[in-house]
Amino acid sequence: KELTVPTTIEELVEVSENLNGWDHNGDGEADWGFCLTPQPNYFQAFVAPVLQTTLRTCEVLDGEYDCSRGSQTGQNIFFDVDNMDPLIFNEGFKYAVELYWRFVRSSNCQEESLNGGKCDRKTAFPTGRCAGVISMPGTLTSLLEEGGKYAPPPENRYDNLEADEYWGRRAVFPGSKKVVDWTSSGTPLVACEGVKCPLSKDGVNYSPFFSEGGESYALNGRQSKPSATEAMWDMFTWFAELPVGEIPLSGVYRRSQLSDEAIDLLGEQWNNTVMADDLGNVLKEYFRTEKEGGNPVQDLFIIGFPQYNDALDLELHSNMIIKDMSEGGTFPLDDEAQFTERFNEFTNALALRYEEVHAQQDGGTLQQLELWRGALDLRPSKSQQDICSDLLATDQNAFTKLDCIKVVQLKDLCQSQKSDVEEYSPGACDTGRNSTVIIAVLCSIVGAGVLALVAYFTYKRYQSYIRIRKAHEQLMEATLNESVRSLHQLDYPLHLVRGDEFVDEGKLMRHEVLRNTHKLTVLDSLSDVDSFIAAGKHVVFFSHQWTSFTAPDPSGQQYDVMCTAMKELARRNGWDESLKDVFAWIDYSCIPQANPSTQNLAIRSLAAYASSATYFIIVAPETHHADLDDKCDLDTYQRRMWCRAEQVCHSMRNGTEGMYLAVDKVEPIVKVKNDHFEESLHVFEGELTCCRLEHKGMGACDRQSLVIPLLGLYGELFRAAHDGIKGGNTDALSSVEAFLKEIEKHQETVFPRTFQRVMWRKNKRVTEEVLLFGDLIDRMRARIKNGVGFAIDDEKTGTLSTKGSDFVRHGASDFLRHGVVHGASNNVHIETAVGNISEHMNQA
């Protein structure tokens, strides 16, 4: 029989059974089918495609199922999300157990488990006796790589391949053509088709269960010592920046490894493009989200996870399958009656062990249910009281089993769920004949206390007013302090690309690709930036607009203009034409693209990046947007809020002396006009994508993230003018005053006090007025006039001077920037957000 790569678990078992008994390594002895290490996660990979078909309800659009926007189904492979019953009493689970048992019987376990031995894929596979192997992606690399730790040597393989083929291939774990129908009574096992199986491919349901091994770490930001926090942060960032081939843990993967560039680099490192492509294909399937049409299975990430796994391992393997294998595999799987009896014994024993694990945890089964719903991120979220109220109406046996009577008061539910309460506990809502007396007594008490209550609430209202006012003052002061501090630290290191390497790449390269090939220069603090520039290096900040929703410069026109501009800048200034002393900053290459957490840190530092650059080039050639087919040019660039913000952050620190326009190759760079900043100053009149999308799924508007950096830059500017830029010159002072004059003329639009934000809450469109700068500009001016505006007391950097002379650099028109004295510490500082007024009320 001709065998093909199995696409279903049914085919996987048949292939393993058919290959069992063949001589795979040419030693003349019968060998095995697929090899494995019997453990819970491999069994659960068999269960997943049978039990989980879709995480959301689906609708039909253009003849196809769209399951990305419907309500959540709560499907998973472990516990019912309504009552925490284990999902083991159904035909689908029974079907998966039978297939898995057959699979193990044809594996290495048929010999290795005899006489109490251990069957292990890591020791079995190198012998060459395995027709295949199932393993998670991390360890699988060591099994398939030539010379890998667990790979069979050539003499133990029967290779009959063409020159461009490779013996060790990997594929996505198979799906199933049979699935559980959770919407029908009795949850029967049905064929994978139609609405029962909306995400299927060619009648096969795939549900990747990516239960990879590894390690996890956490920080207690409030209690950890600063040195411990910094050490852990350094380790986190080190892991995040390692290329896949150098990761010390075998099973650590991330989305950045799915790019074509990353896979190509991995192929070069392994010297095996086939293995690299196979890994990329597998990870792309495993990492597909719901919105991308994926059906990923959530592991049991709740307290007690090891105990639940141990319970399954004991009952499934030790007490059933491996026990049978150690006895020679004599259990009659083809006898339906005997198999059903043995299956029932297994599931009943497993259910009891799960209940024991529930009981061992604080809060018992009900607490575990709440945690499990949270791990699945089910919406709307439910408290234990909500869960119990629902169970009282739908499943009173579960209400009793979960001991809900300790969580809810039945009398409290009499008004909203009277019939349910009476059904559960007859008479619980009957107040009795004494109710009239009780009401009379209560009314007399209430009547006597009315005057006292009025006085009390009046006093509490006054106290609340004082507390809110104090909290508001604390919040404003904290914001001012943070804005000053933002001038002297980076939340994420500044990454730069050396000029010659930027030109040699031939296009804009993704951050992770440059990182993995060690082509990024990293400056950890602003003091490092100052030293870097003082050593004769030149930092060029390229500001541009993306011309596609998914790529920064699909046509390559902007990149060509950048290269030409950089070369022209070097020529005009007499720099080394090799560009080895020129370093470029460009968002796509210098901000993380794959990791949202580190990306947000870098975006928070964007103002510091722009203001730290020695030169600023606006890149705006006329081109077309790849997705909208709209024209993109200097006009559309200037309408973008982030583009304006970058210009302002640079010009408020450096003036416009080092700012250029680059719009074509004919005239590579043109100095901006002296009054160029006047339009850019109106940052908050620019366009934002988050506002266009009405902040759906977003917690805040991008406008709010710019308050702290722009407030700090304004304070620095005002302080310099107030102190007369001592040690500077008339040109520098007049430039500063020109900025301040323009700001003062249009303060309400340059620094809006509030703005109108449109958001969506509970599927309703809401417009609200949100505080932006408020009176922060006036407060900053008052601070500086009182001589306390820029005093920062820090145990590592010392107290920074409040004198304007610190901000003067030698040269006639050098404005403010590169005389700033930054702290000398190279440590990574993790700062908390300023917070909101409720947090400061708690402190107050």
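The numbers attached to residues start from 1 for each chain and follow its sequence in the written order. It should be noted that, the model being predicted, local features are given only for residues of pLDDT at least 70 and side-chain atom pairs only at 80 or more, the latter also being counted only at that level, while totals for whole chains, interfaces and linings use all residues. To get the side-chain values, all heavy atoms of the structure are used, and hydrogens and water are removed first.

Enquirer: I tried to follow the confidence of the model for the chain on my own but got confused; where do I start?
Expert: For any part of a model where pLDDT is low, the fine detail of the predicted coordinates should not be relied upon. Known as pLDDT, the predictor's confidence for each residue is given on a scale from 0 to 100. Confidence along the chain averages 84 in pLDDT terms, with 87% of residues attaining 70 or more. Note on contacts: a residue pair qualifies if any of its non-hydrogen atoms lie within 4.5 Å across the two residues. When the criterion is pLDDT under 50, residues 792-844 qualifies, and its contacts beyond four places in sequence or with other chains add up to 140 contacts.

Enquirer: When you look at the packing of helix α1 (residues 9-19) against helix α2 (residues 40-51) in this model, what are you seeing that I'm missing?
Expert: Two quantities define a packed helix pair, namely the angle between the helix axes and the distance between the axes. To define axes, lines are fitted to C-alpha atoms, for helices over the stretch in contact only, and angles between the resulting N-to-C directions are given on a 0 to 180 degree scale. Strands are runs of DSSP state E lasting at least 2 residues, helices are runs of H or I lasting at least 4, and numbering of each runs from the N terminus. With their axes 10 Å apart at the nearest point, α1 and α2 run at an angle of 145 degrees to one another. Residues I9, L12 and V13 of α1 touch α2, and the partners they reach there are F46, P49 and V50. A per-class count over the contact of α1 with α2 returns 6 nonpolar, no polar and no charged. For this classification, the nonpolar set comprises Ala, Val, Leu, Ile, Met, Phe, Trp, Tyr, Cys and Pro, the charged set comprises Asp, Glu, Lys and Arg, and every other residue, Gly included, is treated as polar.

Enquirer: It is not clear to me how the pattern of salt bridges should be interpreted in this structure. Could you clarify?
Expert: Between side chains of opposite charge, a pair can form as their charged atoms come close. Salt bridges are defined as contacts in which a side-chain nitrogen from Lys or Arg sits within 4 Å of a carboxyl oxygen from Asp or Glu. Inspection of the entire model under this criterion finds 43 salt bridges. The salt bridge involving E285 is made with R288; its shortest N-O contact spans 3.1 Å. With a 1.4 Å probe rolled over the protein chains alone, any residue whose accessible area is under 20% of its type maximum counts as buried; one over 50% counts as exposed, and the rest are partly exposed. Look at E285 and you get buried, because its relative accessible area is 14%. Between R757 and E768 there is a salt bridge, with the nearest N and O atoms lying 2.7 Å from each other. You can see R757 sitting in strand β16 (residues 754-761) and its partner E768 sitting in strand β17 (residues 764-771), a full 11 residues away along the chain. Here R757 matches E768 in class, with each residue buried. The network of salt bridges with common partners includes E473, E477, D775, R779 and R783.

Enquirer: Explain a nonpolar patch on the surface to me, please; I cannot follow it from the model alone.
Expert: Like charges are joined within 9 Å and nonpolar side chains (Val, Leu, Ile, Met, Phe, Trp, Tyr) within 5 Å, but only among residues with over 30% relative accessible area and no salt bridge; these make up the patches. Note that accessible areas follow from Shrake-Rupley with a 1.4 Å probe, and for residues the cover is restricted to the protein chains shown. Where nonpolar side chains cluster on the molecular surface, the patch consists of V60, Y65 and V195 and spans about 290 Å² of accessible area. With respect to the helices and strands, the residue Y65 is situated in strand β3 (residues 64-66). Classification of Y65 as partly exposed rests on a relative accessible area of 36%.

Enquirer: Before we go on, may I ask you to explain the packing of α2 against helix α10 (residues 305-326) in this structure?
Expert: Across the interface, α2 lies against α10 with an axial gap of 10 Å and an inter-helix angle of 80 degrees. It follows that α2 is roughly perpendicular to α10 by the angle criterion. Touching P40, F43 and Q44 of α2 are N309, L312, D313, L316 and H317, all from α10. Of the residues in the contact of α2 with α10, the class split is 4 nonpolar, 3 polar and 1 charged. An angle below 35 degrees is read as roughly parallel, one above 145 as roughly antiparallel, one from 65 to 115 as roughly perpendicular, and any other as oblique.

Enquirer: I'm lost on the packing of aromatic side chains in this one. Help?
Expert: When two rings of Phe, Tyr or Trp (its six-membered ring) have centres within 6.5 Å they constitute a pair, described as stacked for plane angles under 30 degrees, edge-to-face for angles over 60, and tilted for the intermediate range. Tallying each qualifying case throughout the model produces 32 aromatic pairs. Summarising the aromatic geometry, the rings of Y308 and Y354 are spaced 5.8 Å apart at their centres and angled 65 degrees between planes, so their arrangement reads as edge-to-face. Taken together, the positions of Y308 in helix α10 and Y354 in helix α11 (residues 336-360) put the pair 46 residues apart, joining distant regions of the chain. Taken as a pair, Y308 and Y354 share a single burial class, namely buried. Between the aromatic rings of F399 and Y424, the centroid separation amounts to 4.8 Å while the plane-to-plane angle is 70 degrees, which identifies the pairing as edge-to-face. Separated by 25 residues along the polypeptide, F399 in helix α14 (residues 396-401) and Y424 in helix α15 (residues 418-424) bring together distant segments of the chain. For F399, a relative accessible area of 0% gives the class buried. The rings of F34, F43, F46, F93, Y100, W101, F103, F173, F331, F339, F343 and F346 are connected pair by pair, giving a single aromatic cluster. For a lysine, the NZ atom is tested; for an arginine, the CZ atom; a charge sits over a ring if that atom is within 6 Å of the ring centre and within 35 degrees of the ring normal. The ring of Y206 is capped by K201, whose NZ or CZ atom sits 5.9 Å from the centre of that ring.

Enquirer: Would you mind showing me how to read the pairing of strand β14 (residues 659-662) here?
Expert: In summary, the side chains of a regular strand alternate between the two faces of the sheet. A two-sided burial pattern is seen for β14, the buried positions comprising M659 and L661 on one face and Y660 and A662 on the other. One requirement defines pairing of two strands: DSSP has to find at least two bridges between them. Looking at chain direction, strand β11 (residues 615-619) and β14 are connected through 4 bridges and run parallel. In the strand pairing of β14, I618 is matched with L661. Examined bridge by bridge, β14 and strand β15 (residues 670-671) share 2 bridges and lie antiparallel to one another. Residue L661 lies in a different strand from β15, and its bridge partner there is V670.

Enquirer: Teacher, can you tell me more about the pairing of strand β10 (residues 582-585) here?
Expert: The two faces of β10 match: V582 and A584 on one face and F583 and W585 on the other face are all buried. Note that strand β7 (residues 494-498) and β10 share 2 bridges and pair antiparallel. When the sheet's bridge partners are listed, V497 is paired in β10 with A584. Bridging between strand β9 (residues 538-543) and β10 involves 4 bridges; their strand directions are parallel. Bridge pairing links V539 to F583 in β10. A clockwise course of the path from the first strand over the helix to the second, judged with the strands pointing away from the viewer, identifies a crossover as right-handed. Crossover handedness for the path β9 to helix α20 (residues 557-573) to β10: right-handed.

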